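Commentary on secondary and tertiary structure
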Amino acid sequence: MSHLSEGILQALLDDELSPADALDAGRHLSACASCATRFEEVERTSATLTAALRRLDLDPHATRPRPLAAPPSMIGRNRWSTGPLQKAALLLLTFAAAASATIPGSPVRQWLGSRIQPEPAPVVMDVPDTSPIGVIATSPAESGVSVLPAGGELRIILTGASPELQVRAVLTSSGRGGVYASGEATAASFRTAQGLVEVVGAERGELRIEIPRSASSASVIVDGRTYLVKEGDRLHLTLPTRDTSAAEIVFQIQS
Amino acid sequence: MTAQSRPDGGEFDALYERLQPSLWRYVHRLVGDADSTDDVVQEAFVRLLKKPELQGDAARLWLFTVATNLVRDRGRTTARRRRLLTAVPLEAPSSTPADRRLERDEQIEAVRQALDQLPDRDRQLLLMREEGFKYHEIADAVGTAPGSVGTLIARAAKRFTEVYRPVEG
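What you see is a predicted model, and the numbers here were worked out from it, not measured in a lab.

What about the overall build of chain B?
Helix and strand content of chain B: eight helices and zero strands. Listing each helix as α and each strand as β along chain B from the N terminus yields α-α-α-α-α-α-α-α. Here chain B holds 169 residues, and the buried ones make up 34% of them. If you take every contact in chain B between residues at least 6 apart in sequence, the share linking residues at least 24 apart comes to 63%.

Structure representation (structure tokens):
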């Protein structure tokens, strides 16, 4: 039996394999302890890297006050829908503005500079709804990811969560499951694979977990402990101190 | 869409709003200081104004590639600036206690030192992956075959962890 290459293991982790190749790799991992160990190492390396890079975003010099109000677009809305002379004038202005923006101290540069602000939100990508995995921003104050269940199964794994994190789990009629962060939880990292969302470092704030009613099974696992499972049309909280079953459940992480 | 039909201001603004946070974070992670990041991100967007044919994901990949090249072009200046900033740290604009600020600065510096030990291509591979680019996009950006990106990322990540000495917090 030939072992999986490091490139294949990395691609599997990054969800870059075709469904057929991912299935083959998964079968191999379940039968090959050596490759399974190497895959865990790839996962650990990736988690270390992600956590390290996030530290760079904590640089206080990277935090600037946001502008009070954005000026009208300097690019000129609908500039191509005007007459020829206006088009020419607007074209000239546009390129003059562009050129001006390259001059230190120019008003255009200052305006552009005022708009260039860091935000802690994860990458925002447009993905078709048929994509197995999507990374989306639902609002400026909320971000998250969504996935399709794999074989009817959805797993949500929270790693490094703290008791200051509040989790709201709800059943949804959508076919996609998802995890959406708000407040300080937007600083968390999201990892996805088919039927799986992993959230790393959500220490405070709130996470909203959406679980499709159509999923045959779903679970929320926090630092290795199963907190919640889907049973039929209800969510069941499995914490030792609480035993609740409902369509929507709010809980906090136990220390 | 033709070369003459550059998106109107609203569309460009939307593109800017969508791409700017990710590009800013990417460039900041590369160069390490906010002023240089501002300059690079601003220049990349100004150049995008002159590329009406670029839309959506193509515009995103182009922006990141241009920004990476700008960072490389400014390499020596930026590295020198960062060393100076490190030598004379600015007062953090927050009420964070001094010991926590020091600890945070040490953590940041540990990551920077590790990144600085990697070849340019490794840094680009790892940071683009962190921003959610797909392998075929990363392959385009670094000039390699999509089939080799997984291997390159795995090796780059391993090299990073071999030289990264995290500061315990």
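Points about the sheet that holds strand S12 (residues 244–246) of chain A
Residue and element names in this part refer to chain A. Read across the sheet, seven strands follow the order S6-S7-S3-S9-S10-S11-S12 without closing on themselves; strand pairing throughout is mixed. In this open sheet, the two edge strands, each paired with only one partner strand, are strand S6 (189–193) and S12. The sheet shows a mean angle of 15 degrees between the axes of neighbouring strands, direction not considered. The pairing of S6 with strand S7 (residues 196–200) spans five bridges and is antiparallel. Looking across to S7, one finds that Ser 189 is bridged to Val 200.

Some thoughts on the pairing of strand S10 (residues 225–231) of chain A
Residue and element names in this part refer to chain A. Of the pairings in the sheet, the one linking strand S9 (residues 217–222) to S10 comprises four bridges and is antiparallel in character. By the bridge assignment for S10, Val 222 is matched with Arg 225. Once S9 ends, the chain turns through two residues before running back antiparallel as S10, passing Asp 223 with a positive phi of about 45 degrees. One ladder, built from four bridges, connects S10 with strand S11 (residues 234–237); its direction is antiparallel.

Details of the packing of helix H6 (residues 120–130) of chain B against helix H8 (residues 146–163) of chain B
All names here are of chain B. Running from amino to carboxyl end, H6 crosses H8 at an angle of 105 degrees, the nearest separation of the two axes being 9 Å. What the angle tells us is that H6 and H8 run roughly perpendicular. Between H6, through Asp 122, Leu 125, Leu 126 and Arg 129, and H8, the contact on the second element is made entirely by Leu 152, Ile 153, Ala 156, Ala 157, Arg 159 and Phe 160. In the contact of H6 with H8, the residues fall into seven nonpolar, no polar and three charged.

Some thoughts on the confidence of the model for chain A
Residues and elements named next belong to chain A. Looking at chain A as a whole, the pLDDT averages 71, with 65% of positions reaching at least 70. The model gives residues 63–91 a pLDDT under 50, and that stretch makes 32 contacts with residues more than four places away or in other chains. With pLDDT under 50 throughout, residues 110–140 is counted as low confidence; its partners more than four residues away or in other chains account for 62 contacts.

Some details on helix H2 (residues 34–49) of chain B
In a regular helix each residue adds 1.5 Å, so 16 residues correspond to 22 Å; H2(B) covers 23 Å between its end C-alpha atoms and thus fits that length. Among all positions in H2(B), only B:Ala34, B:Ser36, B:Thr37, B:Asp38, B:Asp39, B:Val40, B:Val41, B:Gln42, B:Ala44, B:Phe45 and B:Leu48 are buried.

Considerations on the environment of A:Asp223
All names here are of chain A. Here Asp 223 lies in the loop between S9 and S10. Taking the C-alpha atoms as reference points, Asp 223 and Leu 158, 65 residues apart in sequence, are found 6.2 Å from one another. For Asp 223, the contacting residues outside a window of four places in its chain are Leu 158, Thr 159 and Ala 161.

Section: the nonpolar core
Core analysis: the biggest nonpolar cluster contains 47 residues, and B:Leu23, B:Val27, B:Ala44 and B:Ala67 have the highest contact counts within it. No other element matches helix H1 (residues 9–31) of chain B, which puts nine residues into this core. The next biggest cluster of nonpolar side chains, apart from the first, holds 31 residues, and it includes A:Val147, A:Ile156, A:Tyr180 and A:Ile249.

A word on the packing of H6(B) against helix H7 (residues 135–142) of chain B
All names here are of chain B. Running from N to C, H6 and H7 point in directions that differ by 150 degrees, and their axes come no closer than 10 Å. Classified by the angle between their axes, H6 and H7 sit roughly antiparallel to one another. Seen along the crossing, H6 lies across H7 with a hand that is right-handed. The residues of H7 that touch H6, namely those facing Arg 121, Gln 124, Leu 125, Met 128 and Arg 129, are Ile 138, Ala 141 and Val 142. Looking at the contact of H6 with H7 residue by residue, the class counts come to five nonpolar, one polar and two charged.

A closer look at the pairing of strand S3 (residues 153–159) of chain A
On a regular strand, one side chain projects to one face of the sheet and the next to the other, so that they alternate. Residue and element names in this part refer to chain A. Residues Leu 154, Ile 156 and Leu 158 point to one face of S3 and are all buried, whereas Glu 153, Arg 155, Ile 157 and Thr 159, pointing to the other face, are not buried. Sheet topology places S3 next to S9; six bridges connect them, and they run parallel. Its bridge partner being in S9, Leu 154 is matched across the sheet by Ala 218. Note: S3 against S7, five bridges, orientation parallel. By the bridge assignment for S7, Ile 156 is matched with Val 197.

Section: the confidence of the model for chain B
This prediction gives chain B a mean pLDDT of 83; 79% of its residues lie at or above 70. With a pTM of 0.54, the predicted complex shows an ipTM of 0.85.

So, how was this worked out
- Residues numbered from 1 in each chain as written.
- Chains lettered and ligands numbered in written order.
- Predicted model: local features only at pLDDT ≥ 70, side-chain atom pairs only at ≥ 80, totals over all residues.
- Helix = DSSP H or I, 4+ residues; strand = E, 2+ residues; numbered from the N terminus.
- Buried ≥ 20, exposed ≤ 12 C-beta atoms within 10 Å, placed from the backbone.
- Contact = placed C-beta atoms within 7 Å.
- Pairing = 2+ DSSP bridges.
- Axes fitted to C-alpha atoms, helices over the stretch in contact; angles between N-to-C directions.
- Parallel < 35°, antiparallel > 145°, perpendicular 65-115°, else oblique.
- Nonpolar A, V, L, I, M, F, W, Y, C, P; charged D, E, K, R; others polar.
- pLDDT = per-residue confidence, 0-100.
- Expected span 1.5 Å × (residues − 1).
- Core = buried A, V, L, I, M, F, W, Y, C linked by C-beta atoms within 7 Å.
- Left-handed = near helix turned anticlockwise from the far one by under 90°.

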